Each structure stands twice: as C-alpha cells, then as structure tokens.
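Here is what each chain is made of, one letter per residue.
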Amino acid sequence: MSELESVISLCRMVQSGKIEPFDIDFEYVMGVIRKHYPGIKDVKDFCLDAEALKELSSVLDRQNKWIEHKSSTLYKDPFMLSQSLMRMDIGAVADAFLKSWHPIVEMEQISARTLAESLSYWGGLIPLDERWQTEEVAERETGTATLQQARERGLVLTEGFAELLEGFWRELGERAGVGGAVEYWDWIGAETYSDTVYRAYITVFMVSHGYANVTRDRITEETVIIHNPEPSRDPERPKVSLPLMVDYEEWKLWRRG
Amino acid sequence: MAARLTKAERAYARKVKDAVQLLFFTHHRLPGVRGWELRKELGSDWMNVLDVLDKQLKPLDLQVTRAFDEPDIVEPTGAQLQDARYYVTLRGTVDQKAAKTIGWRIDDIAGLAVSVAYLISKQGKSPRADVERVLEEKLPGWRVKLNVDRYIQQGYLGEDEQGVMYLDWRSRAEIDTKKLVDLVVGFGKKDREA
C-alpha cells in the first residue's frame, strides 16, 4: 500500500467511527499529499491524489461536527458517560431509558369502509378463468409478403426510428411550444388504448434519446413532458431508463375528461 | 358571522379526523407519515391542523412528534418540514411494569439504552464490534448479538455495509436523547453529593 493509500484508509477510519476526528494530524496528511503531487504521472495517480484530498476534507467536516457536538447541550464526556453506564445496574439503566422513551402509537385495523370497498372490488373482479383465457391458436399456411404489404400491416416501420422520434419531437414542440411542457396524459392520451400505449412507448425513447424530459411534482403528483429545444443525440451520452405507467382505468378516466 | 365560524370549525374538525387516520393507521412499511403527504391530504394549513390535533391528544397522554432524516436540524426550512416524518407518540413515559406488558424484557430495554447512550457519546456512529463489546460487560454474548439484531430490525439502530452502527429513525422519533444522557450522567450524583 502506498503512502497516499495509507492516509486515505486512515481518513476513512474517522468516517467509520473507528478513530476520533482529532486523532488525525491535518498537517501531516496535507504534507503527504503535497509531497506526492509533483510526482503525478498518470490519471490513476491523479485520482488517488484527488481521493486523498476528498477524504481529508471529510475529516475536516467531522472535526467541525465534533466541535458543534461538543458545544451542544447534548455533549457529555464519552468517558464519563461510559463510566456512569458501568456503575449503573441493569434496572437503573432501564429506568433511565423508560423516563426518556415515548413509544410510537400505531394501529393496524380494517375499517368498515375498507371492507365495503374491498367487497365492491371483489364483486367487480372478473373470474380468473375469464381473465386468463388462453388464446385460440389456429394453424396457418406460411406465405410471403412484400415490404409494402408488411408496412401496411404495421409489421415494418414506414420510416426509420430516428425519423419517427423526430416526428414526435416536432409534434411535442408544436403542442407544448419550444421548451414548453405538456401534461403527461394530455401528451400520451389517444382515441384508443393501444394508440395510447404506443405513444407512451415512443415517449420513453424520446426521453432516453434526449428529445424530451419528464418531471414529476412529488406534492401534486403531476407529471409533465418537457420539449427539449436542442435534442442531444450524442451516442456516447449515457441513456436514461424511464418507466412510464399507462393504466387502463386512468386512460378511461382521461377519455371521459 | 357565527354560521361562517361554525363552517370553518367543521372544516377543521374534518381535517383533524383525516390527520388522525393518517397518523394512527399504518400506511407504509414504516409507521408515520411524511410532511408532504400530510400537506397533500390536509391542505396548506396542515401544520395548524397538527397543532390542533396535538392539543386534542394531550388529555390522552399522546402527542404529535416529528423526526427529520438529518438528526442535526435545529431550525427546519419549509422543505425540511415537508420531508420530516410525523408520528403520534406517548406524551408521557412508561414504567417497567407497563414496558413488560408491551413485550420488552428489562434486559432488552437496558441493552437498548446502553447502545443509544454509547452511540450518542461517539457522535452517533460507532463500529458494531465496539457497541457489542460495551453490551457484553453486562449481558451474555449470545444475547448481545440477538438484541442488536432486534434493535436494528425495529428501527432503533442502523448498520451500514462497513458494520458501522448509527441511531436510526425510531430512536430519533421516540427517544429524548438529551434526557437519557442527562439521566445516565447524573446517576447517583445526589447520593454522592449527600
């Protein structure tokens, strides 16, 4: 282990509480970092140097917190505290704890309303044998189709995927305005549920390819799709993976307006 | 005017009832409700609704308590208040007899007290081995490991991947740490002074 790696590990011992923050001699660690800085040859050395600085700054942060803690009313000398604990018998320790303990009150109960709602849900639930009906499979003769026929049946895209995304991006720009936002369901919602799923599917790619952004307000739970005025099509850029919900019931509600 | 006041009172009473349902019943894996959830359900005056509920719970020896994710917050911002978790806790305390009826052995309580006090003295963090060593002074080794696991499972203590222990959400919500430390340090002082 190099000298720099040793000081990094020393600093990490403070983070894990194995040693006290002021057990670290700041000047010494800084001296080690300074000594090695002129000898940096490659990225690996540079990263090690940066890591040592980062760990040392964390030690300074812990030293600061330690002073704050020491000046707070909560601070009691750890030695005194542990001596007191050792002096006390188990009953006395338990008593001290119970005098400062305010347990949480919580209830687990089914209300009449929940029962009524559950019964109504049960009533509306389609039996499993209906829900899980197996598809009727029929044997067909194999045949051939032209590219045009395959396009007409929707098996092959009529344009490239990038063009498709660009088309949706332009539509978003028109509906939301350049750099503007449109409400999630107003954007993906379509006349049929399958078209809605398709729009949501394309939207996922729009976001992951940098044509649009999605934000969700945690308080109002409102999701909006934001038009990106300058799509970043950099293939080196890390892709964003985005799960989107297309709930059938929600779609029905949206359709009803 | 009187009718308008009654209307406002009725609206408040309804909100207080909603707050009771949110705070008392278990909605998530962990008890308690986040501030932003309360705001969403109760409206912008959610803090006032909690104050009213707190006053109404007082005769029942209960109170509305909040715990922040960051233990050092003294003057919370609006965002921190909305991120905090709110609970209903006992306003007073329980005695040993009552603690036994809710499933706590005296050894378990003392073990938790020692772990919490030790972690406070170590600024809230310490390797698990050190905590266990302190407990082993007065509890059998096999019991120590079981107890520490139980405290972790119940949310009083936490342990990270490096085996470093810290005070977890339930300690922040339920334990008056300052009082505990004062009681431990002050133990036997009166006798010694006398």
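Quick caveat, the model's predicted, so the values are computed rather than measured.

A. Region of interest: the overall build of chain B. When helices and strands are tallied, chain B shows eleven helices and six strands. Taking the intrachain contacts of chain B between residues at least 6 apart in sequence as the baseline, contacts between residues at least 24 apart amount to 60%.

B. Geometry of the overall build of chain A. The helix and strand inventory of chain A stands at twelve helices and three strands. Counting across all 257 residues of chain A, residues that qualify as buried make up 15%.

C. Representation of the interface of chain A and chain B in the model. The interface is formed by 40 residues belonging to chain A together with 53 residues belonging to chain B. Going through the elements one at a time, helix 3 (43-71), helix 4 (78-87) and helix 5 (90-99) of chain A are the ones with two or more residues in the side of chain A that touches chain B. Top contributing element to the side of chain A that touches chain B by residue count: helix 5 of chain A, with ten residues. Here the side of chain A that touches chain B is built from residues that sort into 21 nonpolar, ten polar and nine charged.

D. Seen up close, helix 2 (residues 35-42) of chain B. Residues and elements named next belong to chain B. Regarding helix 2, the residues found buried are G35, L38 and L42. Take helix 2 and look down its axis: the buried residues cluster within an arc of 60 degrees, on one side only. G43 sits one or two residues past helix 2 and shows a positive phi near 95 degrees.

E. A look at the sheet that holds strand 1 (residues 181-183) of chain A. Residue and element names in this part refer to chain A. Within the open sheet, the three strands sit side by side as 1-3-2. Their pairing is antiparallel. A strand with exactly one partner marks an edge of an open sheet, and here the two such strands are strand 1 and strand 2 (212-216). Across the sheet, the mean angle from the axis of one strand to that of its neighbour is 30 degrees, orientation sign disregarded. In this sheet, strand 3 (residues 223-227) lies alongside strand 2 in antiparallel orientation, the contact comprising five bridges. Looking at strand 3, one finds that R216 is bridged to T223. The sheet strands contacting helix 11 (residues 193-208) are strand 2 and strand 3, and the helix crosses strand 2 at an angle near 105 degrees.

F. Seen up close, helix 10 (residues 177-185) of chain B. All of the buried residues in helix 10 of chain B are L180, V181, L183 and V184 of chain B. The arc enclosing the buried residues of helix 10 of chain B, seen along the axis, measures out at 165 degrees, which places them on a common side. Buried-residue contacts for helix 10 of chain B involve helix 4 and helix 5 of chain A together with helix 6 (106-121) of chain B.

G. Representation of the environment of E37 of chain B in the model. Residues and elements named next belong to chain B. By the secondary structure assignment, E37 is in helix 2. The partly exposed category is assigned to E37, around which 19 C-beta atoms lie within 10 Å. In sequence terms E37 and R85 are 48 residues apart; their C-alpha atoms lie 9.5 Å from each other.

H. Quick peek at the sheet that holds strand 2 (residues 62-67) of chain B. Residue and element names in this part refer to chain B. With antiparallel pairing, three strands are arranged side by side in an open sheet as 1-3-2. Sheet topology places strand 1 (33-34) and strand 2 at the edges, where each strand pairs with a single neighbour. Summarising the sheet, strand 2 and strand 3 (residues 85-90) pair through six bridges and their orientation is antiparallel. Among the inter-strand pairings, T65 is bridged to a residue of strand 3, identified as Y87.

I. Up close: unusual backbone geometry. Residue and element names in this part refer to chain B. Its identity as a non-glycine residue notwithstanding, D61 has a phi of 65 degrees, on the positive side. Along the chain, the position of D61 falls in the loop between helix 3 (46-57) and strand 2. Residue classification places D61 among the exposed residues on the basis of 12 C-beta atoms within 10 Å.

J. Quick look at the packing of helix 7 (residues 128-136) of chain B against helix 8 (residues 141-153) of chain B. All names here are of chain B. For the pair helix 7 and helix 8, interaxial distance at closest approach is 9 Å and the crossing angle is 130 degrees. By the criterion of interaxial angle, the relationship of helix 7 to helix 8 is oblique. Considering the relative orientation of helix 7 and helix 8, their crossing is right-handed. Contact residues: helix 7 offers R128, V131, E132, L135 and E136, while helix 8 offers G141, V144, K145 and V148.

Cut-offs and rules
Residues numbered from 1 in each chain as written. Chains lettered and ligands numbered in written order. Predicted model: local features only at pLDDT ≥ 70, side-chain atom pairs only at ≥ 80, totals over all residues. Helix = DSSP H or I, 4+ residues; strand = E, 2+ residues; numbered from the N terminus. Contact = placed C-beta atoms within 7 Å. Buried ≥ 20, exposed ≤ 12 C-beta atoms within 10 Å, placed from the backbone. Nonpolar A, V, L, I, M, F, W, Y, C, P; charged D, E, K, R; others polar. Arc of directions from axis to C-beta. Pairing = 2+ DSSP bridges. Axes fitted to C-alpha atoms, helices over the stretch in contact; angles between N-to-C directions. Parallel < 35°, antiparallel > 145°, perpendicular 65-115°, else oblique. Left-handed = near helix turned anticlockwise from the far one by under 90°.

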